[in-house]
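Summary of the model geometry
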Amino acid sequence: MSGQEEPKKLQLYSYHRSSCSFRVRIALNLKGLDYEYKAVNLLKGEQHSPEFLKVNPIGYVPALVDGDIVLADSFAIVMYLEEKYPEHPLLPRDLEKRAINYQAANIVSASIQPLQNLDVLKYIEEKVGPDAKLPWVQKHIGKGFTALERLLKDHAGKYATGDDVFLADVFLAPQIHGSIKRFNLDMTPFPLLGRLNEAYMQLPAFKDAMPENQPDFPTAP
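Description of the structure in this document. What you are looking at is a predicted structure, and each value in this text was computed from that prediction instead of being measured.

1. Section: the packing of helix α1 (residues 19-30) against helix α3 (residues 74-84)
Interhelical geometry of α1 versus α3 gives an angle of 5° and a closest axis separation of 9 Å. On the basis of their axis angle, the class for α1 and α3 is roughly parallel. Contacts between α1 and α3 involve Cys20, Arg23, Val24, Ala27 and Leu28 from the former and Ser74, Ile77, Val78 and Leu81 from the latter. Residue classes in the contact of α1 with α3 are distributed as 7 nonpolar, 1 polar and 1 charged.

Here it is as structure tokens:
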């Protein structure tokens, strides 16, 4: 024995339904990284607990612990994983294709998801009414999906930017899945994204990251 300590397993603070956590789970799976799942129940407000706020002061999931390094925000986490663990690269070498991946991922993470997160929907329910939530979400997802259809139409192959899975796919898959399953979005106007969704569902790294396959997914009574 060398006497060296084994590296600590990665820890992911996650909530099964969180699309931001879903992205990181996909990235971890694609790169073949083992990790400890640490559930944070958003509906019970565990993200606001003093214990979790020490991990991520803003109180959002996901957060990743890698030894002495603590990271929050899914984009930052995925890029950290990309640089530290080069297996299955999530960014293509081609500069234009790489830029398209950044743009697609950013549309999801900056222009769609923040408008549907739990805090925003609670605020709308309190200030406007519960019936206003779904039309709000569907409007903003539809706006983002329209932009993504136009962006990707000349770049997509089997996946978003060709025949290999890259960063855009990691961000698109959870957003499309949640839009259909959680927000009942009609995907008819978005045929390209609908086709991509079907392709993602065939990939083990994506299927294993699905909400229903997480340890904190609620079981039927």
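Read on, since the account is not over.
2. Focus on the environment of Arg182
For Arg182, the position within the fold is in the loop between α7 (167-181) and α8 (191-200). In the structure, Arg182 is positioned 48 residues away from Leu134 in sequence and 9.7 Å away in space, judged by C-alpha atoms. With residues up to four places along the chain from it excluded, the contact list for Arg182 reads Arg17, Gln116, Leu118, Leu121 and His177.

3. Here we look at the nonpolar core
Of all hydrophobic cores here, the largest spans 59 residues; its most connected members are Phe145, Leu148, Leu152, Leu172 and Leu193. Among the elements that line this core, the one with the most residues is α7, at 7 residues. Dropping the residues within four chain positions of it, Leu172 is found in contact with Val108, Leu148, Leu152, Ala160, Leu193, Leu196 and Tyr200. The next biggest cluster of nonpolar side chains, apart from the first, holds 9 residues, and it includes Tyr15, Val40, Leu42 and Ala63.

4. A look at α3
With 8 of 11 residues buried, α3 lies mostly within the body of the structure. At the N-terminal end of α3, a side-chain oxygen is found 3.0 Å from the backbone nitrogen of Phe75, two or three residues along, and the residue is Asp73.

5. Structural notes on unusual backbone geometry
Cis geometry is found at the peptide bond from Val61 to Pro62, where omega equals 5°. Inspection of the secondary structure puts Pro62 in the loop between α2 (50-55) and β3 (63-66). In this structure, Asp73 takes a positive phi of about 85° despite not being glycine. One non-glycine residue, His88, lies in the positive phi region at around 45°. Structurally, His88 is set in the loop between α3 and α4 (95-112).

6. Focus: the sheet that holds strand β4 (residues 69-72)
The strand order across the open sheet formed by 4 strands is β2-β1-β3-β4, and the pairing between neighbours is mixed. A strand with exactly one partner marks an edge of an open sheet, and here the two such strands are β2 (35-39) and β4. Sheet twist, expressed as the average angle between the axes of neighbouring strands with direction ignored, equals 20°. As paired strands, strand β1 (residues 10-14) and β2 are joined by 5 bridges and run parallel to one another. Its bridge partner lying in β2, Tyr13 is registered against Lys38. Seen against the sheet, α1 touches β1 and β2 and runs at an angle of roughly 155° to β1.

7. Observations regarding the pattern of salt bridges
Applying the stated criterion to the full structure yields 6 salt bridges. Salt-bridge contacts for Lys31 lead to Glu82; the nearest nitrogen and oxygen are separated by 2.9 Å. Of the two residues, Lys31 is situated in the loop between α1 and β2 and Glu82 in helix α3; the sequence distance between them amounts to 51 residues. The class of Glu82 is buried, set by a relative accessible area of 13%. For Lys84, the salt bridge goes to Asp66, with nearest N and O atoms at 2.7 Å. One end of the pair, Lys84, is in helix α3; the other, Asp66, is in strand β3, with 18 residues separating them in the sequence. For Asp66, a relative accessible area of 10% gives the class buried.

Criteria and cut-off values
Residues numbered from 1 in each chain as written. Predicted model: local features only at pLDDT ≥ 70, side-chain atom pairs only at ≥ 80, totals over all residues. Heavy atoms only, no water. Axes fitted to C-alpha atoms, helices over the stretch in contact; angles between N-to-C directions. Helix = DSSP H or I, 4+ residues; strand = E, 2+ residues; numbered from the N terminus. Parallel < 35°, antiparallel > 145°, perpendicular 65-115°, else oblique. Contact = heavy atoms within 4.5 Å. Nonpolar A, V, L, I, M, F, W, Y, C, P; charged D, E, K, R; others polar. Core = buried A, V, L, I, M, F, W, Y, C linked by side-chain atoms within 4.5 Å. Buried < 20%, exposed > 50% of the residue type's maximum accessible area, 1.4 Å probe, protein only. Polar contact = N/O pair within 3.5 Å; in protein donor to acceptor, adjacent residues only side chain to side chain. Pairing = 2+ DSSP bridges. Salt bridge = Lys/Arg side-chain N within 4 Å of Asp/Glu carboxyl O.

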